[in-house]
Amino acid sequence: HREPLGLEKELLMLGDEEVNVILSQNKTLSKEGADALEASHPHIIASNTVLCDTRFDRLYGKYPSYLASNPSLSPTMQQRLFESKDENVLDVLASNPIIQREILDRLFESGRFSMQLAKNSALSQENIKILFLRGESEVLSALAANVSTPIEILYQLSLDQRFERSVKTNPAFGKHILTTL
């Protein structure tokens with residue numbers, strides 16, 4: 001039995017490009033492993049590695065869209081990305097479920113990121129209902145698959161052939177059906 005960190009070090013020493021790509025995608029990669037792979041795979045590290053302020057600052061200049069998808073963004077990092085006003089960055093932020101409610105609400109109010117927000121499980125119930133009432137087909141499709149979409153909306157979406165499959169494969173809908181039996 002090898003310790004995970006020991007195994008990580010052994011894999012890094014192989015110098016195998018495919019192995020390094022896979023390691024870069026590991027959300028539990030050590031700080032040392034991330035440091036070793038950052039130069040060759042900065043976009044993957046930006047998206048996946050647990051971020052410290054130093055790494056965030058280093059990657060911010062060239063990889064802000066990748067950083068915006070990272071599940072370990074601190075509130076300060078989220079705010080900095082939001083303030084960048086870069087459309088691509090904001091687009092990715094809108095779909096990241098760890099983004100603070102205040103930022104999600106501001107993205108919602110802009111009216112520009114409906115599709116990404118409809119996919120975001122952290123979107124407020126109120127905003128989900130507003131997106132539903134707008135009736136945009138692509139947005140409704142995303143809401144049908146979103147585990148945070150209220151059951152009453154999922155029932156309504158299930159009546160439309162276009163969204164029936166997405167609703168039926170939505171884990172929240174399946175759980176609701178099981179609990180009502």
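All residue numbers refer to positions counted from 1 along the written sequence of the respective chain. Only residues with pLDDT of at least 70 get local features here, since the model is predicted, and only at 80 or more are side-chain atom pairs given and counted; chain-wide, interface and lining totals rely on the full set of residues. Only hydrogens and water are set aside; all other atoms, that is, all heavy atoms of the structure, feed into the side-chain values.

Trainee: Report on the pattern of salt bridges, specifying residues and quantitative values.
Mentor: A side-chain nitrogen of Lys or Arg and a carboxyl oxygen of Asp or Glu constitute a salt bridge if their distance falls within 4 Å. In this structure the tally under the stated criterion is 10 salt bridges. The salt bridge involving Arg80 is made with Asp57; its shortest N-O contact spans 2.6 Å. Here Arg80 is found in helix α7 (residues 75-83), whereas its partner Asp57 is found in helix α5 (residues 53-60), with 23 residues between them in sequence. For every residue, the accessible area obtained with a 1.4 Å probe (protein chains only) is divided by the maximum for its type, and the residue is called buried under 20%, exposed over 50%, and partly exposed between those limits. A residue is classified by how much of its surface remains accessible, and Asp57, at 45% relative accessible area, is partly exposed. Asp160 is the partner of Arg162 in a salt bridge, and the nearest nitrogen-oxygen pair spans 2.6 Å. A run of H or I in DSSP becomes a helix once it reaches four residues, and a run of E becomes a strand once it reaches two; helices and strands are each numbered from the N terminus.

Trainee: Can you break down the nonpolar core residue by residue, with the values?
Mentor: To form a nonpolar core, buried Ala, Val, Leu, Ile, Met, Phe, Trp, Tyr and Cys residues must be joined to one another through side-chain atoms within 4.5 Å. Formed by 43 residues in total, the largest nonpolar core has its most connected members in Leu81, Leu93, Leu107, Leu117, Leu143 and Leu157. Broken down by element, this core gets its largest block of residues, five residues, from helix α12 (residues 137-145). Residues count as neighbours in contact if any of their non-hydrogen atoms are within 4.5 Å of one another. Those residues within four positions of Leu157 in sequence are excluded, and the remaining contacts are Phe132, Leu140, Leu143, Ala144, Phe163, Glu164 and Val167.

Trainee: Break down α7 for me, citing the residues and quoting the values.
Mentor: Looking only at α7, the buried set comprises Met77, Gln78, Leu81 and Phe82. Buried residues of α7, seen end-on, are gathered within an arc of 135° and therefore sit on one face of the element. For α7, the elements touching its buried residues are α5, α6 (64-68), α8 (87-95) and α9 (101-110). Positive phi shows up at Lys85, right after α7, with a value of about 60°. Of all possible arcs, the one meant is that of the directions from the helix axis to the C-beta atoms.

Trainee: A description of the environment of Leu5 should follow, citing residues and the corresponding values.
Mentor: You can see Leu5 is positioned in helix α1 (residues 4-14). Spatially, the C-alpha atom of Leu5 lies 7.4 Å from that of Ser30, the residues being 25 residues apart in sequence.

Trainee: Let's hear about the environment of Glu17: which residues, and what values?
Mentor: Mapping Glu17 onto the fold places it in helix α2 (residues 17-24). In this structure the C-alpha to C-alpha distance between Glu17 and Ser40, which are 23 residues apart in sequence, comes to 9.3 Å.

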